[in-house]
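Chain by chain, the residues:
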Amino acid sequence: MMIRRSILTAALGILLAMAVGVEAASAAAAAPIIRLKVTAEIANIRQKPSISSLIVRQIPEGALLEASRKDGEWYLVALEPDETGTNSGYVHESLVLPLDEPAVPEKKTRIVERVTQPKPKPAETTPPPARTEPAPVHRTEPAVETPAAKTDNYGFEPLRPALVIGGGGLIAAVGDLNDGSQGLADYFGYQLGAAADLTLSRLRLVFPFEAEIQIPIGGRFALTIGAGYAGASATTLVTYATTGSANSFSAGPGFSAIPIKAGLLYSPVPSFYAKAGLMVVPAKASYTYHFTHDQFWQEWTGEASAFGFGAYGALGIELTLGPSIGFLIEAGGQIGKISGFDGTGTYLDSTLDEAVTETGLLYAYDAKPTQFDSFPLTFIRSKRPTEGGVANAREATLDLLGISLKAGLKFKF
């Protein structure tokens, strides 16, 4: 009899296990698909149901997702497999909206007949120990997932179209305009036999103003197109220390340029950038010389224009002032020489009734009153100077080689 009861009990146990397994499989097959719509600007899909988990995908607003289940405040959604093989992830309920409440198929109740066996009389045991209530567990609710800012493949906010307006200081070489003014002052000093400090103010420091448009072209690169204005002038009066006569000389060289630039900008991180490019530079050069010897005076004036080419480069940092505005500080350099200045020069002295006009190119050459003395001069001449006492005649050059420090505002669109 005892053997028959054991066999019957084992058979009933197997039947119960099979019934539970069939019921679990039916429940899994009946698990509904939850259709979701992204309501945030960007929904982060994370590897695990945690706000600190790694982001595996970012889904834009309005996209439709399918979730197989919900774990607390997180939906497990299916994804198109990417190069890493990721095909699922978790999205927080604050970023999506369920489109419908799926109907769960009604479960069928499976009735299993149970055979009641007489319970054996419990053996004498010692009373169980007093039950101790476990300490309450404080659950920390996950912070609500907020929409993340759009980022590029580098993990930074993508570059945006922008307008940059700024200015600063440029220290340029300039060249022949400075040399010609100083040379003429020294030449008159030589003729008068004056021993004095004849050093003139040189064109050196320029204060440019620029505007630039930045157009993103992918990744961390942007195309830059800009234009600006730079100009400088200097006037110096020299009095020669001579006996019995009043002699003075004043020089006022000047130039202006409108550089038109096109280049490429690279920003490896949001707060730093480097850029380089080429420029076309329309420019003007001018001079005014005035010499007085007792009652006699002479005056030369001239203005000529030309255009040339150059290149530039710069490194800068950006300080964010707001969502769409930043402050830039930029250090850079440039190269470029402009020649072929074409214009008109005039000469007038106290013995003439009207000025004498000469049209031609701006030339730089050396005046040599003796074999051992030489003075650089810069004048507009109708043809290249070849008269006696002249050497090394060539077209005058405006040298834009220099370094700059600029600051400005960046307006992002």
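Only a predicted model underlies this, so the values are computations on that prediction, with no experimental measurement involved.

A. Expanded view of the layout of surface pockets. The calculated volume of the largest pocket comes to roughly 390 Å³. Lining the largest pocket are 25 residues, with Trp-300, Tyr-365, Leu-377, Phe-379 and Arg-381 positioned closest to its centre. When residues of the lining of the largest pocket are traced back to their parent elements, those giving at least two are helix 2 (176–192), strand 17 (296–322), strand 19 (342–349), strand 20 (356–367) and strand 21 (375–381). Ranked by residue count, the leading element in the lining of the largest pocket is strand 20, at 5 residues. Its residues assigned to classes, the lining of the largest pocket comprises 14 nonpolar, 7 polar and 4 charged.

B. Main features of the pattern of salt bridges. One pass over the structure, following the stated rule, counts 13 salt bridges. Between Lys-70 and Glu-93 there is a salt bridge, and its shortest N-O distance comes to 2.7 Å. Residue Lys-70 is found in strand 4 (residues 64–71), and its partner Glu-93 is found in the loop between strand 6 (88–92) and strand 7 (96–98); the two are separated by 23 residues along the sequence. Given the relative accessible area of 38%, Lys-70 is considered partly exposed. Close ionic contact of Lys-275 with Glu-330 constitutes a salt bridge, the shortest N to O distance being 3.3 Å.

C. Layout of empty space enclosed by the protein. With the rule as written, the count across this model stands at 3 cavities of 30 Å³ or more. Reported here for the largest cavity is a volume of approximately 270 Å³. Lining the largest cavity are 27 residues, and of these Glu-210, Pro-259, Lys-261, Gln-334 and Lys-406 sit closest to its centre. Secondary-structure elements contributing two or more residues to the lining of the largest cavity are strand 10 (209–218), strand 11 (221–233), strand 14 (254–257), strand 16 (272–293), strand 17, strand 18 (325–338) and strand 23 (398–412). When grouped by side-chain class, the residues that make up the lining of the largest cavity number 13 nonpolar, 8 polar and 6 charged. There is about 160 Å³ of room inside the second largest cavity. Lining the second largest cavity are 14 residues; nearest its centre among them are Val-164, Gly-166, Glu-210, Glu-330 and Lys-406. Those elements that place two or more of their residues in the lining of the second largest cavity are strand 8 (162–175), strand 10, strand 18 and strand 23. At 4 residues, the largest contribution of residues to the lining of the second largest cavity is made by strand 8. Looking at side-chain class alone, the lining of the second largest cavity contains 6 nonpolar, 3 polar and 5 charged residues.

D. Local environment of the nonpolar core. Ranked by size, the top nonpolar core spans 44 residues in total, and within it Tyr-240, Phe-249, Phe-255 and Phe-341 carry the most contacts. It is strand 16 that contributes the most residues to this core, 7 residues altogether. The residues touching Phe-341, leaving out its near neighbours within four places in the chain, are Ala-283, Lys-284, Ala-285, Ala-304, Ser-305, Ala-306, Gly-360, Leu-361, Leu-362, Ala-396 and Leu-398. Counting residues in each nonpolar core, the second largest holds 16 residues, with Ile-34, Leu-36, Leu-65 and Val-91 among its members.

E. Just helix 2, in detail. Helix length check: helix 2, at 17 residues, gives a terminal C-alpha distance of 24 Å against a target of 24 Å (1.5 Å per residue), a fit within 8%. Within helix 2, the full set of buried residues consists of Asp-176, Leu-177, Asn-178, Gly-180, Ser-181, Gln-182, Gly-183, Leu-184, Ala-185, Phe-188 and Gly-189. In the segment just after helix 2, Gly-193 is the residue with positive phi, at about 70°.

The rules behind these values
Residues numbered from 1 in each chain as written. Predicted model: local features only at pLDDT ≥ 70, side-chain atom pairs only at ≥ 80, totals over all residues. Heavy atoms only, no water. 1 Å grid on protein atoms, 1.4 Å probe; cavity = no way out; pocket = protein on both sides within 12 Å on 5 of 7 lines; lining within 4 Å. Points joined across faces, edges and corners; volume = space filled by probe spheres on them. Helix = DSSP H or I, 4+ residues; strand = E, 2+ residues; numbered from the N terminus. Nonpolar A, V, L, I, M, F, W, Y, C, P; charged D, E, K, R; others polar. Salt bridge = Lys/Arg side-chain N within 4 Å of Asp/Glu carboxyl O. Buried < 20%, exposed > 50% of the residue type's maximum accessible area, 1.4 Å probe, protein only. Core = buried A, V, L, I, M, F, W, Y, C linked by side-chain atoms within 4.5 Å. Contact = heavy atoms within 4.5 Å. Expected span 1.5 Å × (residues − 1).

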